[in-house]
Amino acid sequence: MPNSRFAIAILAAGKGTRLKSKLPKVLHQIAGRPLLGHVVRAASSIVAPADIFCIIGHEAERVRAEFAPLGTRFIEQFEQRGTGHALMQCRQALAGYDHVLVLSGDVPLIRPETIAAVRDFHIAHAAAMTILTAEPLDPFGYGRIVRRVEHGVSTDQVEAIVEQKQLTPAQEKIGEINSGIYAFNVAELFSRIDQLSTDNPHGEFYLTEIVSILRRDGKPVLALPAAHSNEVLGVNTRRELAQLDSILRERKTRELMDDGVTIFRPETVLIDADVTVGADTVIEPFVQLLGETTIGEDCLIRSYSVLTNARVGNRVRINHGTLVEDSTVGEAAILGPYSRIRPGSEIGPEAHVGNFVETKKAKLGRGAKANHLTYLGDVEIGERSNIGAGTITCNYDGVSKHKTVIGAGAFIGSDTTLVAPISIGNGAYVGAGSCITRDVPDDSLGLTRPELLIKEGWVTAKRAKMEAAKLKK
Ligand code: UD1
Ligand code: MG
């Protein structure tokens, strides 16, 4: 049946009571991406976004707002009365499909290859329902798979899924669990879904009960064991959230290393799922690369640096303890140690930004340098200009922000304040310690400097006076 129409439904309406959170469960993040984001991403490589139906309920508007840009559809489950009830809401939406793959918004490690394997197995065996199963180290909390036994041998037919709370002592020994990932024949599912009961400890409609209903009618329900049991781990508690986060991050560092990135002590490094890093870049321990950060080739990212949505070119060196957020860094630039590159900064190629320099919406031209103790906010700096230690762009007048423009090849002496709006011309100089309040033209000097007073012998006289006063007492 190569032309059968497949939809994917993602169960994502639950509150996530066990997380004890104000945030809906599927918005909790691992590896810098919400749980549901991981699942939608995997689903999108199997079917078009328009064939993906996210079932949302708890804080539906918040979940919808977050995922609407991905182009999936949403179905609202107004009351969360169980996983079976969630799927009941899809009856109309799925009417035009032959099969539906059901994924869980809280089972985020699932890979596209595995979803495709469930689909292909389901079609090849003409099953009414196919269940992806696994044998994790600790099956506690999961529904268990009761297989049909024929002549003392267990078959790949499933008779029932029994939830943790309903297990008999004998069933507690079953190591094979329900992943919550299934394929269904749409007609077989919806002709029986109304038979689900609420006869269980939570009084909910459990989707898992559909197994015994289908079996009663002699319909084939098959188990497909997952190749990697890690992939089907679910998130119900904060501990599981942390556990899955580390699995994903380990997967990520392994992939990067396979692609030619050196990562020392990878277990200390935090790299989000969407980050890319070029070959021959070296990442030192305790680095964090977050959000949509991209890093070029042959870079060095030294310890304790944190890059969030940073776009970094090739051959860049980022020294210890540097923070970069929502900014770009051109090739062969050098940052840090201890630079803070705030949003909207564009550090040009070969530019240097040194220790205790803070930039915000600062554009530095090729080879420009600000090596020490400086604030550069709302500023454009031309190529090769040198900004001395202690320079401050005074960009805020208490009400609005104003811009500073510094031309190419300019020299700003140490301890200068540039009161914006202001412009310093190409090749201009500003003398150390100046407070610049008017524009300095090209190739000119700007200088404000009170006359230097030297009183020779003043200290000697002062000391003598103080000594005399002491003797009088
Ligand atoms: C479920 C399965 C269990 C399986 C486990 C795998 C049932 C009854 N049990 O248990 O057999 O081993 O997943 O992780 O299905 N949801 C809704 N609407 C609801 C209730 C839940 O959309 O009314 C969503 C949740 O947001 C979640 C998913 O369905 O994404 C699973 O629900 P959850 O409560 O986590 O079920 P488990 O107890 O994990
Ligand atoms: Mg769950």
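The structure under discussion appears in the preceding block.
Residues numbered from 1 in each chain as written. Chains lettered and ligands numbered in written order. Predicted model: local features only at pLDDT ≥ 70, side-chain atom pairs only at ≥ 80, totals over all residues. Heavy atoms only, no water.

Caption draft 1: Spotlight on the overall build of the protein. Check the secondary structure of the protein and you find 8 helices and 37 strands. For the protein, the C-alpha radius of gyration of 32 Å lies well beyond 23 Å, the compact-globule estimate for 473 residues. Taking the principal axes of the C-alpha coordinates as reference, the protein spans close to 110 × 65 × 45 Å. Counting over 473 residues, the protein shows a buried share of 49%. Put simply, 41% of the contacts in the protein that link residues at least 6 apart link residues at least 24 apart. (Helix = DSSP H or I, 4+ residues; strand = E, 2+ residues; numbered from the N terminus. Rg over C-alpha atoms; globule rule 2.2 N^0.38 Å. Buried < 20%, exposed > 50% of the residue type's maximum accessible area, 1.4 Å probe, protein only. Contact = heavy atoms within 4.5 Å.)

Caption draft 2: Representation of a nonpolar patch on the surface within the structure. A surface patch of nonpolar side chains, about 400 Å² in accessible area, is lined by Phe411, Tyr429, Leu445 and Leu447. Taking the relative accessible area as the measure of exposure, Phe411 reaches 34% and is therefore partly exposed. (Patch = residues over 30% accessible without salt bridge, like charges linked within 9 Å, V, L, I, M, F, W, Y side chains within 5 Å. Areas by Shrake-Rupley, 256 points an atom, 1.4 Å probe, with all protein chains shown as cover. Salt bridge = Lys/Arg side-chain N within 4 Å of Asp/Glu carboxyl O.)

Caption draft 3: Spotlight on the site of ligand 1. The full set close to ligand 1 counts 24 residues, and Gln77, Gly82, Thr83, Glu163 and Asn178 are the nearest of them. Within the contact set of ligand 1, an oxygen atom lies 3.3 Å away from a backbone nitrogen or oxygen of Arg81. Compared with its free state, where it exposes 750 Å², ligand 1 has 90% of that area covered by protein. Where the shell around ligand 1 is concerned, the elements lending two or more residues are helix H3 (83-88) and strand S10 (177-185). Here the residues of the shell around ligand 1 sort into 7 nonpolar, 12 polar and 5 charged. (Near = heavy atom within 4 Å. Polar contact = N/O pair within 3.5 Å; in protein donor to acceptor, adjacent residues only side chain to side chain. Nonpolar A, V, L, I, M, F, W, Y, C, P; charged D, E, K, R; others polar.)

Caption draft 4: A look at the coordination of the magnesium ion (ligand 2). Here the magnesium ion (ligand 2) is held by the protein donor atoms Asp106 (OD) and Asn236 (OD1), which lie 2.1 to 2.5 Å from it. With Asp106 in the loop between strand S6 (99-104) and helix H4 (112-124) and Asn236 in the loop between strand S11 (221-225) and helix H7 (238-258), this residue pair connects regions lying 130 residues apart in the sequence. Accessibility assignment for this pair places Asp106 and Asn236 in one class, buried. (Donors = N, O, S within 2.8 Å, 3.2 Å for Na, K, Ca; no water.)

Caption draft 5: Examining the pairing of strand S27 (residues 352-364) more closely. Pairing analysis gives 2 bridges linking strand S24 (residues 334-335) to S27, with the strands arranged parallel. Directly across from Leu335, in S27, lies its bridge partner Val353. In terms of strand pairing, strand S25 (residues 340-341) meets S27 through 2 bridges, oriented parallel. Note that in S27 the partner of Ile341 across the bridge is Thr359. Here strand S26 (residues 346-347) pairs with S27 via 2 bridges, running parallel. (Pairing = 2+ DSSP bridges.)

Caption draft 6: Region of the structure containing the nonpolar core. Core analysis: the largest hydrophobic core is formed by 50 residues, its most contacted members being Ile8, Ile10, Leu36, Leu103, Ile115, Leu132 and Val232. Apart from residues no more than four positions distant in its own chain, Leu103 is found in contact with Ile8, Ala9, Ile10, Leu11, Val39, Ala43, Ile115, Gly180 and Ile181. (Core = buried A, V, L, I, M, F, W, Y, C linked by side-chain atoms within 4.5 Å.)

Caption draft 7: Local environment of the pattern of salt bridges. Using the criterion set out here, one finds 28 salt bridges in the structure. Where Glu188 meets Arg192, a salt bridge forms, and the shortest distance between an N and an O atom there is 3.0 Å. By relative accessible area, which is 9% here, Arg192 ends up buried. Of the charged contacts, one joins Glu188 and Lys219 as a salt bridge, the two residues approaching to 3.4 Å between their closest N and O atoms. One end of the pair, Glu188, is in helix H5 (residues 186-190); the other, Lys219, is in the loop between helix H6 (210-216) and S11, with 31 residues separating them in the sequence. The exposure class of Lys219 is partly exposed, given its relative accessible area of 24%.

Caption draft 8: View of the packing of aromatic side chains. Inspection of the entire model under this criterion finds 5 aromatic pairs. Consider the rings of Tyr182 and Phe184, whose centres lie 5.8 Å apart with planes at 45°: the pair is tilted. In this structure, Tyr182 and Phe184 share a single accessibility class: buried. A centroid spacing of 4.9 Å and a plane angle of 25° characterise the contact between Phe411 and Tyr429, whose relative ring orientation is stacked. With a gap of 18 residues between them, Phe411 in strand S32 (residues 411-412) and Tyr429 in strand S35 (residues 429-430) connect regions that are remote in the sequence. Tyr429 sits in the partly exposed class, given a relative accessible area of 45%. Note that Lys401 overlies the ring of Tyr396, its terminal NZ or CZ placed 5.3 Å from the centroid. (Phe/Tyr/Trp six-rings, centres within 6.5 Å; stacked < 30°, edge-to-face > 60°. Lys NZ or Arg CZ within 6 Å of the ring centre and 35° of its normal.)

Caption draft 9: Helix H2 (residues 60-67), seen in detail. Those residues of H2 that sit buried are Ala60, Val63 and Phe67. Axial view of H2: buried residues confined to an arc of 70°, hence all on one face. Those residues of H2 that are exposed and angled more than 90 degrees off the buried face are Glu61 and Ala65. At its buried positions, H2 is contacted by strand S3 (33-34), helix H1 (35-44), strand S4 (52-56) and strand S5 (73-76). (Arc of directions from axis to C-beta.)

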